[in-house]
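Chain residues, written in single-letter form:
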Number of protein chains: 2
Amino acid sequence: MLSKGDLIAVLDLIDHAQSVGTEEQFHGLMKMAAQLVPIEKTHVSVARLDAGNAIVGTSRRISIDYPDAWLTHYREQGLIRVDPAARLLFRAERPLIWADLRKRYRKASEQAFYNSAHDFGLDQGFSFGARFMRSASASFFSCAGQELTSHQRHVLVIRYLLPHLHASLSKVHLGLLKQVPALTPREIEVLNWLKFGKTNWEVSIQLNVSERAVKFHVENAMRKLNASNRLQAVAIALSQGLIEWG
Amino acid sequence: MLSKGDLIAVLDLIDHAQSVGTEEQFHGLMKMAAQLVPIEKTHVSVARLDAGNAIVGTSRRISIDYPDAWLTHYREQGLIRVDPAARLLFRAERPLIWADLRKRYRKASEQAFYNSAHDFGLDQGFSFGARFMRSASASFFSCAGQELTSHQRHVLVIRYLLPHLHASLSKVHLGLLKQVPALTPREIEVLNWLKFGKTNWEVSIQLNVSERAVKFHVENAMRKLNASNRLQAVAIALSQGLIEWG
DNA sequence: CGCGCACCTGTCCGACCGGACAGGTCCGGC
DNA sequence: GCCGGACCTGTCCGGTCGGACAGGTGCGCG
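For every chain, the first residue of the written sequence is number 1, and numbering continues from 1 along that sequence. Written order determines the labels here, with chains lettered from A and ligands numbered from 1. Residue-level local features of this predicted model are given only where pLDDT is at least 70; pairs of side-chain atoms are given and counted only at 80 or more, and the full residue set underlies all totals for whole chains, interfaces and linings. Excluding hydrogens and water, the side-chain figures rest on all heavy atoms present in the structure.

1. Quick word on the overall build of chain A
Thought 1: Every helix listed is a DSSP run of H or I at least four residues long, and every strand listed is a run of E at least two residues long, numbered separately from the N terminus. What chain A contains, in helices and strands, is 11 helices and five strands.
Thought 2: Between the two quantities, the radius of gyration covers C-alpha atoms and the globule rule is 2.2 Å times the number of residues to the power 0.38. Against the globule reference of 18 Å for 246 residues, chain A gives a C-alpha radius of gyration of 23 Å, more extended than a compact globule.
Thought 3: Across the 246 residues in chain A, those meeting the buried criterion constitute 51%.
Thought 4: Counting only contacts in chain A whose residues sit at least 6 apart along the sequence, the fraction spanning at least 24 positions is 64%.
Thought 5: For chain A, the exposed surface amounts to about 11500 Å²; the carbon and sulfur share of it is 53%.
Thought 6: Charged side chains of chain A number 30 positive and 23 negative; the gap between the two group centres comes to 5 Å. Partly exposed describes any residue whose relative accessible area lies between the buried limit of under 20% and the exposed limit of over 50%, with all areas from a 1.4 Å probe on protein chains only and scaled to the type maximum. When checking whether two residues touch, look at their non-hydrogen atoms; a contact exists if any pair is within 4.5 Å. Only the protein chains shown count as cover for residues, and the accessible areas themselves come from Shrake-Rupley with a 1.4 Å probe. Charge counting treats Lys and Arg as positive and Asp and Glu as negative, with His and both chain ends excluded. Charge coordinates come from a single atom per side chain, which is NZ of Lys, CZ of Arg, CG of Asp or CD of Glu.

2. Thoughts on the protein's contact with DNA strand D
Thought 1: Working definition: residue near molecule or strand if any one of its non-hydrogen atoms lies within 4 Å of it. The local shell around DNA strand D holds 18 residues, among which Thr184, Ser210 and His217 of chain A together with Lys215 and Arg230 of chain B are the closest.
Thought 2: In DNA strand D, the atoms that sit within 4 Å of the protein are 53% sugar and phosphate, with bases accounting for the remainder.
Thought 3: Within the side chain of Arg230 of chain B, one N or O atom sits 2.6 Å away from a phosphate oxygen of DNA strand D.
Thought 4: Broken down by element, the surface near DNA strand D gets its largest block of residues, five residues, from helix H10 (residues 211–225) of chain A.
Thought 5: Each residue receives one of three labels: charged for Asp, Glu, Lys and Arg, nonpolar for Ala, Val, Leu, Ile, Met, Phe, Trp, Tyr, Cys and Pro, and polar for the others, Gly being one of them. Class assignment of the residues belonging to the surface near DNA strand D gives a composition of five nonpolar, six polar and seven charged. As used in this structure description, the phrase polar contact means that two N or O atoms lie within 3.5 Å; if the pair is within protein, one of them must be able to donate a hydrogen and the other to accept it, and residues adjacent in sequence are counted only when both atoms belong to side chains.

3. Remarks on the packing of aromatic side chains
Thought 1: Paired rings are identified among Phe, Tyr and Trp, the last through its six-membered ring, by centres lying within 6.5 Å, and are further divided according to the angle between planes into stacked (under 30 degrees), edge-to-face (over 60) and tilted (the rest). Across all of its chains, the model carries 18 aromatic pairs over all chains by this definition.
Thought 2: On the numbers, 6.4 Å between centres and 75° between planes, the contact of Phe90 of chain A with Phe140 of chain A is edge-to-face. A residue pair is termed long-range when its members are at least 10 positions apart, and Phe90 of chain A in the loop between helix H4 (84–88) and strand E3 (96–97) and Phe140 of chain A in strand E5 (residues 137–144) qualify at 50 residues.
Thought 3: Judged by relative accessible area, Phe140 of chain A falls into the buried class, the value being 17%.
Thought 4: When the ring of Trp193 of chain B is compared with that of Phe196 of chain B, the centres are 6.3 Å apart and the planes differ by 65°; the resulting orientation is edge-to-face.
Thought 5: Classification of Phe196 of chain B by relative accessible area gives partly exposed; the value is 35%.
Thought 6: Members of the aromatic cluster, each reached through a chain of ring pairs, are Trp70, Tyr74, Phe113, Tyr114 and Phe120 of chain A.
Thought 7: Remark: a charge is flagged as sitting over a ring if the NZ atom of Lys or the CZ atom of Arg is within 6 Å of the ring centre and within 35 degrees of the ring normal. One cation-aromatic arrangement involves Arg87 of chain B over Tyr105 of chain B; the distance from NZ or CZ to the ring centre is 5.3 Å.

4. Considering the interface of chain B and chain A
Thought 1: Contact with chain B, which involves 46 residues of that partner, is made by 45 residues of chain A.
Thought 2: The junction of chain B with chain A conceals about 4200 Å² of combined surface from both sides, 61% of it contributed by carbon and sulfur atoms.
Thought 3: Salt bridge, as used here, is a side-chain nitrogen of Lys or Arg placed within 4 Å of a carboxyl oxygen of Asp or Glu. At the boundary of chain B with chain A, the tally comes to four salt bridges.
Thought 4: Residue Asp15 of chain A is joined to Arg94 of chain B by a salt bridge in which the shortest nitrogen-to-oxygen separation is 3.3 Å.
Thought 5: Our count for the chain B to chain A interface comes out at 18 residue pairs in polar contact (both at pLDDT 80 or more). Put simply, buried area is the surface a 1.4 Å probe can reach on two separate parts but cannot reach once they are joined, added for both.

5. Considering the protein's contact with DNA strand C
Thought 1: Around DNA strand C, the structure places 18 residues, and the nearest of them are Lys215 and Arg230 of chain A together with Thr184, Ser210 and His217 of chain B.
Thought 2: Within 4 Å of the protein, the contacting atoms of DNA strand C are drawn from sugar and phosphate to the extent of 48%.
Thought 3: Within the side chain of Arg212 of chain A, one N or O atom sits 3.4 Å away from a base nitrogen of DNA strand C.
Thought 4: Within the side chain of His217 of chain B, a nitrogen or oxygen atom sits 2.6 Å from a phosphate oxygen of DNA strand C.

6. Quick look at the domain arrangement of chain A
Thought 1: Each domain span listed reflects an automatic or database assignment of domains. Split by domain assignment, chain A resolves into domain 1 (4–174) and domain 2 (185–239).
Thought 2: Computed over C-alpha atoms, the centres of domain 1 of chain A and domain 2 of chain A are 43 Å apart.

7. Description of the sheet that holds strand E1 (residues 41–49) of chain B
All names here are of chain B.
Thought 1: Paired strands, in this sense, are two strands between which DSSP finds at least two bridges. In space, the five strands of this open sheet follow the order E2-E1-E5-E4-E3, with antiparallel pairing throughout. The open sheet terminates on both sides in strands that have one partner only, identified here as strand E2 (55–64) and strand E3 (96–97).
Thought 2: Note that E1 and strand E5 (residues 137–144) share eight bridges and pair antiparallel. Across the sheet, the residue bridging to Lys41 is Ala144, located in E5.

8. So, the nonpolar core
Thought 1: Throughout this description, the term nonpolar core refers to a set of buried Ala, Val, Leu, Ile, Met, Phe, Trp, Tyr and Cys residues connected via side-chain atoms within 4.5 Å. By size, the foremost hydrophobic cluster in this structure holds 71 residues, and its most contacted members are Phe26 and Phe141 of chain A together with Phe26 and Phe141 of chain B.
Thought 2: Broken down by element, this core gets its largest block of residues, nine residues, from helix H7 (residues 152–174) of chain B.
Thought 3: Apart from the residues lying within four places of it in its own chain, the contact partners of Phe26 of chain A are Val20, Val44, Ile62, Phe141, Leu165, Ser168, Leu169 and Val172 of chain A.
Thought 4: If you look at the next biggest cluster of nonpolar residues, it comprises 44 residues, including Leu207 and Val234 of chain A together with Val218 and Ala221 of chain B.

As structure tokens, this is what we get:
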């Protein structure tokens, strides 16, 4: 059970996570979390996933005291095929406590994996991963600490916090705040029809103007968005939030 | 200051907000919030915004005991040009407490607006609005209740909760969970080049295959995604998270 | 050993697009 | 009153695309 001070600290950290927008701020956020629960080693990355939630690659790695040697070992030995956490990741909505996994998954290969992790000082800890909205990428948290998951207090705090650390990383990753050129209402209207696969002629009927007029707006939008064709213009407009989802 | 019970209730509601994915679940979430603080009337909608954060239109309205007559009055009289909350909306990250606005904005037209709202029983309450990520839309909350903002406890709870109610509405609006046809790795690869405005010929160089092979994959992707041209295929793939943001 | 599937390649043709040329109206601001 | 911007229209042409025809290899699975 959490004390009142804990509850306030958790709420304030969740509150603070809202305003995180840069990698530096996210780094600070992780350090704040480490003051609340005894996180000693942290490794956060953005994972690209395929349709089956398997990790295709990672980027934007943030490591705080996490043993590089273990990460190298993990990669070189292909331990991702053994690690139970890796299999469950991105499916569970909750942090995966390593101690729980050790109780549940006890095959010989998995036992060897646990022993191997132990050699690198990774006994207590958790993994957390979740897809970013409308993205093939996901967050991937690994945090370890001597007393990190042996107290119910720590586990509760972690369970509360992680979804919001994920949300912060999402904001950082998607780079919410960008300066984009302003499009005229007509240009936006035209792009909104293009995304449905309409041709110049079809849009011209919708807007009750000439086909050339549609072409005119598309050309202007392409120039403003620095796109080399209408497809890229729509892709940029979509990603910048200039036009809506169909 | 919040009691321990309040803190737990707030945290649990924030926790529950994570799992909201449908309009019904969101409706239930709002009702749970109304049990925590004396919200008597609620009106939630999704607002389409232009570049200057002005409301272009609204959709997906959810009203709980909110006076329809007021909404009609508001719209017909164009009170959006008078309402201080409407001006500040989508800029502030925090709920706008009506009582605070009444103290700050005291022009004659605004006083008349307050009196008018009073006639509809809208004295205490707040407005909250925030853009959805990478979208031209935003959430728009209006909640009213007799004792809603006269106690520091209620204001604190509201301040903590609203960002998460917003996040839930965002999930509902963007309709995260969809069943989409699986694309082959090659098809995804090709679409990922198309979004940068590449032509068949340019992609064929990147993939070191013939121009015809690229065309082949694009055709298959279009068929699977039920798109009438490559532009729509990319738009669909982007919106479904099948391919990444450039 | 077929069967399906992913992957790759070719040709043809009508439709569509991108870029260049050219022109016009209407409206708000200096 | 002039200037800039949004908006609209036209023609021409080379390049690209969409859809149809045709074919091929390699791999896993029953």
